[in-house]
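What follows is the residue order along each chain.
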Amino acid sequence: MHEALTSIPCRREIIRAHKESGGRVAAVLPIHYPRALFRAFQILPVELWGPPEIDPQYSKAHLQPYVCPLVHNALSYITGPESEVFDLVAVPHTCDSLQGLCSILTDLILPRQPVFPIYLPRGRRESDAQFLANEFHALYRKLEALTSLSPSEDEVMACILREEDADEVLAELNRKRKFLPLCQRDFYHLLRSREYLPAERFCELAKSFLAKAENESRDKGLPIILSGIVPEPMSLFEFIERAGGVVVADDLACCGRRLYGPGEDNDVFRRMAKSILSAPPDSTRGSSIQERADHMVRMVKMSGAKAVLFYCMKFCEPELFGHPPLRDELNKINIPTLVIESELSEASLNPSVGSLELFLETILCG
Amino acid sequence: MRLTDALRYYVNTRVMGWTAIRVNRLYSEMKTRFRKERKDSYTAPPLRISSRTKEMIARHYLDGRFAKPYRKVAWVTSGAPVEILNALGFHLFYPENHGAICGVSRTAEEISGEAEDAGYSPDICSYARTDIGSALSGKTPVGKLPPPDILVACTNICQTVLYWYGFLAHHFKVPLILIDTPFIYTEASDHSIEYVKKQLEAAVPIAEGVAGKTLDERKLKDFMYKSRIAMDLWMEILGRGAHRPTPISAFDQFIHMAPIVEMRGHSHTIDFYAAMLKEVDRRIAHGIGAVKNERKRLLWDNLPIWHKFRFLSETLGKHGVVLAASTYTNAWAELAPMIDPEKPFESAARAYLHPMLNRGAGHKLNTMRRMIEKYSLDGVILHSDRSCKPYSIGQMDQRTLLMSEYGIPALLLEADHCDPRYFTDARTTTLLMAFIEMLGQ
Ligand code: SF4
Ligand code: SF4
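Computed from a predicted model, the values in this text were never measured in an experiment.

Time to look at the site of ligand 2. Around ligand 2 sit B:Cys125, B:Tyr127, B:Ile157, B:Cys158, B:Thr160, B:Trp164, B:Leu303, B:Ser387, B:Cys388 and B:His417, and those are all the residues in its vicinity. Grouping the constituent residues of the shell around ligand 2 by class yields seven nonpolar, three polar and no charged.

Encoded structure:
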């Protein structure tokens, strides 16, 4: 790991510090949610993308084996001892599996913490933006009841602006990725610290790296685009690197699909809603295949990628439906693609390493 | 539209096709009348109305086959608000029903194999896989499917339809109307109802554009009115399952639910269910049970296992076990009271938000408990359907709670509604036998 990255505080430290300062902490499931709204109530959102390498023993008593590993792990984690630090759980209705998880937590399993569902509309129409703004307003009322705080519009707006700054810095990191003195895994470690760092801490850290940007590209290897939900286990980047590839852009739910633009509205709820709806195309938000394909083709052209790797979570329907038509569209511009499946563990990734090596090798030789 | 198109449509369907189908039905009714009842069967003979069900389905698919270019075709999800489309004269095609037909006719494996060959994962819903396979290869057990002019997907059953209809829109290059229905935990919020209503209103000009005509509100109200009557009748029929012995089993319900899903809102659907209700009442009057020597009564949860109908009904029937009710068929009945033809958009918004699949796991558990009481049931079979996550997630806890808190024996049966690869007769028989033994005498 890059020396400077060791200075990124880990989740535990951040959670502890936030709690010591009198704040609350929310465990938030993927993918989209209003960070600023939580912060306005002095709640630090900490995202749970699984987490990986969890023993899903507990979840096996509640969820069938054909539910994706992310949801299995999340349930095991939420109901396990480590989640005691969380004061609430927020579950965006990203897909049927997360919706189902939220539903059984709320009605049947009843964890220690209150559970807050967040319904995300599946379009980008004006009615979708207004509905989402209303949802956020309803969430405001619930958080108000939980915390006995009533942040003013100005206070919420201040939090929104802070998040928008962080989003802008995140976008800048993506733009400058090849000039940063970081290996791929470290770069994604930095990007993903946005999943739990307060926006201001993230900005500070990211800017310190942007200041170290070099003039020449450090990218060596076959440029590829990584598409999927979450790049776990993170050793994936080492495998890609060893096989001769380098990730030059991504279409990951935890990263590239959350490059939000500012909301452009004076109403705080509408502003947060519009910002989320401004994100790049995403299978879980009802983006059409054509929108997604156009976005990927654009990414290929801008990044100079020579291949696309679809890194898919087992049983993830939103992603699985998209692969064949997206691959067809990419094939039309002579971009080879590969799909590999994983289950959030090293053990599940290992069998795919051979095909990844072969895939990249074939392109490099060809 | 040209006159010759209309003429061709009416000659091919109403004059020739329907007549042939009717003759076929009359012949099959005659055969049934003179057929001796099989003494070795554990179940009652099929309802007489079955031949009319077949006739209605056959006519519907025939209409679809000859729809173009006279009628526009809409492909819709089973929970889609179809009254607007009906009022605009669309022919409606339900890929899920087609999936069920493929399941029953055991062609689903071959057809979905076409989708798998094209790169679609065997882990996606088998209805979707079958439909995609059919769209890619043209294979279908019903002759030929009418390509869509428009697609309408409503998320009140699952998010899967979002990705599935996304494929269809991309493949057929036709507009997709999405009706997004926020999930309900306790009750629908005002802004959710408003959101759905706005989407329904916004759908009208798009559908009008494709249909080439303007929506006639009187027609819309009429379709809503008739939908409601048909749903009420369906609800009454299902309610008759509470009699002992139960006159119709869940298997009968699965077979006869096609019109309420595909053809609600039409006068002939009302006539059909009125006739079915009469027949069911006749069975009650004569003490005829769906299963001979009914001993135990069960609830079925989730979609049917379409490819194993006979096996399951025989295996259960042999032991005097009847499936007296099902949460699945109930789904098309419970919304009826919410439909108000005088407020077509608002009441449709409310009704289409409330299917059981769009509500919390606790609501389903309560529904099951209510049904257990109403139908005097002895146990529950929860079909854990690997294809249908929204229906299946929660079943493990629901089963535990049914057993521990309410003392109701419950079995979790792993399978897939269309894909036979996840079902083995031997394993299922063993499980069912153990469960039946557990139910006691
Ligand atoms: S991995 Fe896919 S199926 Fe699982 S929670 Fe994420 S979006 Fe849903
Ligand atoms: S996932 Fe379930 S509800 Fe959705 S289309 Fe498939 S079977 Fe139907």
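All names here are of chain B. Here we have four strands laid out as an open sheet, ordered E2-E1-E3-E4, and parallel in their pairing. This sheet does not close on itself; its edge strands, each paired only once, are strand E2 (91-93) and strand E4 (176-179). For this sheet, the mean angle separating the axes of adjacent strands, direction not counted, is 25 degrees.

Now for the site of ligand 1. By nearness alone, every residue bordering ligand 1 is listed as A:Cys68, A:Val71, A:Cys95, A:Leu98, A:Ile229, A:Met313, A:Cys316 and A:Pro318. Taken together, the residues of the shell around ligand 1 sort by class into eight nonpolar, no polar and no charged.

Right, let's get into the interface of chain A and chain B. Size of an interface, as often reported, equals the accessible area lost when the parts are brought together. Every contact between the two is made by 48 residues of chain A and, on the other side, 50 residues of chain B. Carbon and sulfur atoms make up 62% of the surface buried where chain A meets chain B, a total of about 4000 Å² over both sides. Salt-bridge contacts for B:Asp123 lead to A:Lys314; the nearest nitrogen and oxygen are separated by 2.9 Å. Across the contact surface, chain A and chain B share 23 residue pairs in polar contact (both at pLDDT 80 or more). Sorting elements by how many residues they give to the side of chain A that touches chain B places helix H4 (residues 96-109) of chain A first, with twelve residues. Broken down by class, the residue content of the side of chain A that touches chain B amounts to 23 nonpolar, 14 polar and eleven charged.

Residue and element names in this part refer to chain B. Under the definition given, this model contains 55 salt bridges over all chains. In this structure, Arg386 engages Asp123 in a salt bridge whose closest nitrogen and oxygen atoms are separated by 3.1 Å. A residue pair is termed long-range when its members are at least 10 positions apart, and Arg386 in the loop between strand E7 (379-385) and helix H17 (389-392) and Asp123 in the loop between helix H5 (108-117) and helix H6 (126-137) qualify at 263 residues. Judged on exposure class, the residue Arg386 and its partner Asp123 are both buried. A salt bridge links Asp301 to Lys364, with the shortest nitrogen-to-oxygen separation between them at 3.0 Å. Taken together, the residues span a long stretch of sequence, with Asp301 in strand E5 (residues 296-301) and Lys364 in helix H16 (residues 361-374) at a distance of 63 residues. Residue Asp301 shares its accessibility class with Lys364, and that shared class is buried.

Moving on: the confidence of the model for chain B. In the predicted model, chain B carries a mean pLDDT of 95, and 100% of its residues have values of at least 70. Two numbers describe this predicted complex: its pTM, 0.96, and its ipTM, 0.96.

Residues and elements named next belong to chain B. Taken N-terminus to C-terminus, the directions of helix H1 (residues 3-34) and helix H2 (residues 50-65) make an angle of 160 degrees; their axes are 10 Å apart at the nearest point. If you check the angle between H1 and H2, you find them roughly antiparallel. Considering the relative orientation of H1 and H2, their crossing is right-handed. For the pair H1 and H2, the contacting residues are Tyr9, Asn12, Thr13, Arg14, Gly17, Trp18, Ile21, Arg22, Arg25, Ser28 and Glu29 in the first and Ser51, Arg52, Glu55, Ala58, Arg59, Leu62 and Asp63 in the second. In terms of residue class, the contact of H1 with H2 is built from five nonpolar, five polar and eight charged.

Moving on: the environment of A:Ala307. Residues and elements named next belong to chain A. Assignment of secondary structure puts Ala307 in strand E7 (residues 307-313). Separated by 280 residues in the primary sequence, Ala307 and Ala27 place their C-alpha atoms 35 Å from one another. Beyond its immediate sequence surroundings of up to four residues, Ala307 is in contact with Pro223, Ile224, Ile225, Ile335, Pro336, Phe359 and Ile363.

Glancing now at the packing of aromatic side chains. All names here are of chain A. Following the criterion strictly, the structure yields 29 aromatic pairs over all chains and no others. Aromatic pair Tyr119 and Phe131: ring centres 6.0 Å apart, planes at 80 degrees, arrangement edge-to-face. Of this pair, Tyr119 sits in the loop between strand E4 (115-118) and helix H5 (126-147) while Phe131 sits in helix H5, and the two are twelve residues apart along the sequence. Like Phe131, Tyr119 is buried.

Right, let's talk about the environment of B:Phe272 for a bit. Residue and element names in this part refer to chain B. For Phe272, the position within the fold is in helix H12 (residues 267-285). For Phe272, a relative accessible area of 0% gives the class buried. Taking the C-alpha atoms as reference points, Phe272 and Leu85, separated by 187 residues in sequence, lie 22 Å from one another. Other than its neighbours up to four places away in sequence, Phe272 contacts Ile49, Arg52, Thr53, Met56, His256 and Pro259.

Here we come to unusual backbone geometry. Cis geometry marks the peptide bond from A:Gly50 to A:Pro51; its omega dihedral reads -5 degrees. Following B:Lys68, the chain continues into B:Pro69 via a peptide bond in cis, with omega recorded as 0 degrees. Relative to the helices and strands, B:Pro69 resides in the loop between H2 and strand E1 (73-76). Phi angles above zero are rare outside glycine, and A:Glu53 is one such case at about 50 degrees. Relative to the helices and strands, A:Glu53 resides in the loop between strand E2 (43-47) and helix H3 (69-78). When its relative accessible area of 51% is taken as the criterion, A:Glu53 is described as exposed.

On to the side chain of B:Asp131, then. Here B:Asp131 shows up in helix H6. As a buried residue without a salt bridge, B:Asp131 has its nearest oppositely charged side chain in B:Arg129, at a separation of 12 Å.

Moving on, we come to the environment of A:Asp265. Residues and elements named next belong to chain A. Topologically, Asp265 is positioned in the loop between strand E6 (245-252) and helix H10 (268-277). Accessibility expressed as a relative area gives 17% for Asp265, which makes it buried. With 46 residues separating them in the primary sequence, Asp265 and Tyr311 have C-alpha atoms 36 Å apart. In this structure the side chain of Asp265 is engaged in a polar contact, spanning 3.1 Å, whose partner is the side chain of Arg270.

Moving on: the nonpolar core. Membership of the largest hydrophobic core comes to 236 residues, with the highest contact counts inside it found for B:Phe90 and B:Trp234. Contact partners of B:Phe90, with chain neighbours within four places excluded, come to B:Arg71, B:Lys72, B:Val73, B:Ala74, B:Leu85, B:Ile150, B:Ala207, B:Val210 and B:Ala211. Formed by 33 residues, the second largest nonpolar core is a distinct cluster that contains A:Ile43, A:Leu132, A:Phe136 and A:Val156.

So, about helix H8 (residues 199-210) of chain A. Taking 1.5 Å per residue as the helical rise, H8(A) with its twelve residues ought to reach 16 Å, and the 16 Å between its terminal C-alpha atoms agrees with that figure. Those residues of H8(A) that are buried lie in contact with helix H2 (35-40), helix H6 (153-175) and helix H7 (184-192) of chain A.

Analysis parameters
Residues numbered from 1 in each chain as written. Chains lettered and ligands numbered in written order. Predicted model: local features only at pLDDT ≥ 70, side-chain atom pairs only at ≥ 80, totals over all residues. Heavy atoms only, no water. Near = heavy atom within 4 Å. Nonpolar A, V, L, I, M, F, W, Y, C, P; charged D, E, K, R; others polar. Pairing = 2+ DSSP bridges. Helix = DSSP H or I, 4+ residues; strand = E, 2+ residues; numbered from the N terminus. Axes fitted to C-alpha atoms, helices over the stretch in contact; angles between N-to-C directions. Contact = heavy atoms within 4.5 Å. Buried area = accessible area lost by both parts, 1.4 Å probe. Salt bridge = Lys/Arg side-chain N within 4 Å of Asp/Glu carboxyl O. Polar contact = N/O pair within 3.5 Å; in protein donor to acceptor, adjacent residues only side chain to side chain. Buried < 20%, exposed > 50% of the residue type's maximum accessible area, 1.4 Å probe, protein only. pLDDT = per-residue confidence, 0-100. Parallel < 35°, antiparallel > 145°, perpendicular 65-115°, else oblique. Left-handed = near helix turned anticlockwise from the far one by under 90°. Phe/Tyr/Trp six-rings, centres within 6.5 Å; stacked < 30°, edge-to-face > 60°. Lys, Arg positive; Asp, Glu negative; His and termini not counted. Core = buried A, V, L, I, M, F, W, Y, C linked by side-chain atoms within 4.5 Å. Expected span 1.5 Å × (residues − 1).

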